[in-house]
Amino acid sequence: MITMFTKISIGLSLLLTLAMPPAKASDSFVETSSCDRSEAASYKRAQKSERLKLGLALGGGGARGAAEVGVLKVLDQAGVKFDYICGTSIGAVVGGFYALGASPALMQKEFENGNVMEHFMTVPLWFRVAISPVLKVVNIFREKDYDGLYAGNRFRTYLMGKLTAHDQQIENLPIPFAAVALNVMDGKPYMIRKGNMGWAMQASCAVPTLRKPVELGDYLFCDGGLICNLPVKQCREMGADVVIAINIDEPFTPLPKGQLTGFGSMAKRMIAWDLQDLDGPQSKFADLTIHPDTSGISLISTKRKDAKRGVKAGEIAAKEALPAIKRLLSECNIPLGLPPVRPK
């Protein structure tokens, strides 16, 4: 869930916040870094006698997260089991609930009935922008708040639903999980490995300007997609020997000049380029990357037809990749298990 204008916004914020005290070290928040091309090119899979551990890296992309659900439907049915799951932005939401044990069918329903994006965008963006001057006047009489059009609290409440306090804790999930977010205090990305899953998801999805940053302890987090949008390196840092990544960026393909004349067309084009440039090294760092065709699906789309199209694109891409996935797992002595029994 990231656009190019957010980089401008966060750049200005970092100039102001770098003078603040550094965040305190914590095993809940593990510092990481982006993956560069040389690092990806030089990577060699470790040779081990014991069974290698399989990781899943889920990229950010807002409404395109429906495609990740489609991929998981196919992999789940094929009996592919993951030892580690790491997600950024919407990938943290999908990955977090998959680590909890939610079925892809349940997540598909939530995307396709509009619940996910309608709770993320609690009121239409145009309306929130229109009333923002009024809100600024009201906020003069309130305690100073962080910048952003949406707080994200309703999104967190929706995500947590009726989960028990035990299930809400990341360290209690059946599969080890991490959500990636950027700490604007020191300008570094972190993996959130412990604590409340709802707050971690809200932090990882906090797109600057669109959503307010999330304060967790001495940290102030915003969308991890600014620097680690496809967290393959982070999944390896968790302990995965083999990583399957799901990249939901809109494909960056050649365009005729005539398609770059409309209002906003250049900004959209540069967003696609920026994500390709950011996620390219991470994708190469994966053992296998599944890239569904999310063409035409806006990052903040609330259209149910886009959610259905995203799920379908994910299913198609996963089915095409399944023979390669089975070969990879066989080479790494990672057995396919029976499809896990997940709650409906």
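So, a few notes on the structure that sits alongside this text. Quick caveat: nothing in here was measured; it's all calculated off a predicted structure. (Residues numbered from 1 in each chain as written. Predicted model: local features only at pLDDT ≥ 70, side-chain atom pairs only at ≥ 80, totals over all residues. Heavy atoms only, no water.)

Observations concerning the pairing of strand β7 (residues 219-223)
Next up, step 1: Counting buried positions along β7 yields five of five residues, so the element is predominantly enclosed.
Next up, step 2: Both strand β4 (residues 177-183) and β7 contribute to a ladder of three bridges, which runs antiparallel. What sits directly across from Ala181, in β7, is Asp223.
Next up, step 3: In terms of strand pairing, strand β6 (residues 214-216) meets β7 through three bridges, oriented antiparallel. Bridge assignment links Leu216 to a residue of β7, and that residue is Tyr219.
Next up, step 4: What sits between β6 and β7 in their antiparallel hairpin is a turn of two residues, with Gly217 showing a positive phi close to 65 degrees. (Buried < 20%, exposed > 50% of the residue type's maximum accessible area, 1.4 Å probe, protein only. Helix = DSSP H or I, 4+ residues; strand = E, 2+ residues; numbered from the N terminus. Pairing = 2+ DSSP bridges.)

Some thoughts on the pattern of salt bridges
Next up, step 1: All chains considered together, the criterion is met by nine salt bridges.
Next up, step 2: One salt bridge connects Lys73 with Glu315, and the closest N-O pair in it is separated by 2.8 Å. Pair noted here: Lys73 is in helix α3 (residues 65-78) and Glu315 is in helix α12 (residues 304-331), with a separation of 242 residues, a long-range link.
Next up, step 3: Using a relative accessible area of 12% as the deciding quantity, one classes Glu315 as buried.
Next up, step 4: Among the salt bridges present, the one from Arg236 reaches Asp287, with a minimum N-O distance of 2.8 Å. Separated by 51 residues along the polypeptide, Arg236 in helix α10 (residues 232-238) and Asp287 in the loop between α11 (265-285) and β9 (288-290) bring together distant segments of the chain.
Next up, step 5: The class of Asp287 is partly exposed, set by a relative accessible area of 22%.
Next up, step 6: Through salt bridges that share partners, Arg45, Arg236 and Asp287 make up one connected network. (Salt bridge = Lys/Arg side-chain N within 4 Å of Asp/Glu carboxyl O.)

Quick word on the nonpolar core
Next up, step 1: One finds Phe82, Ile85, Phe97, Ile192, Phe221, Ile290 and Ile325 to be the most contacted residues of the largest nonpolar core, which totals 74 residues.
Next up, step 2: Excluding anything up to four places from it in sequence, Phe221 contacts Phe29, Ala181, Leu182, Asn183, Tyr190, Ile192, Ala203, Ala206, Pro213, Val214 and Leu216.
Next up, step 3: Counting residues in hydrophobic clusters, the runner-up holds 18 residues, among them Cys35, Leu230, Cys235 and Phe285. (Core = buried A, V, L, I, M, F, W, Y, C linked by side-chain atoms within 4.5 Å. Contact = heavy atoms within 4.5 Å.)

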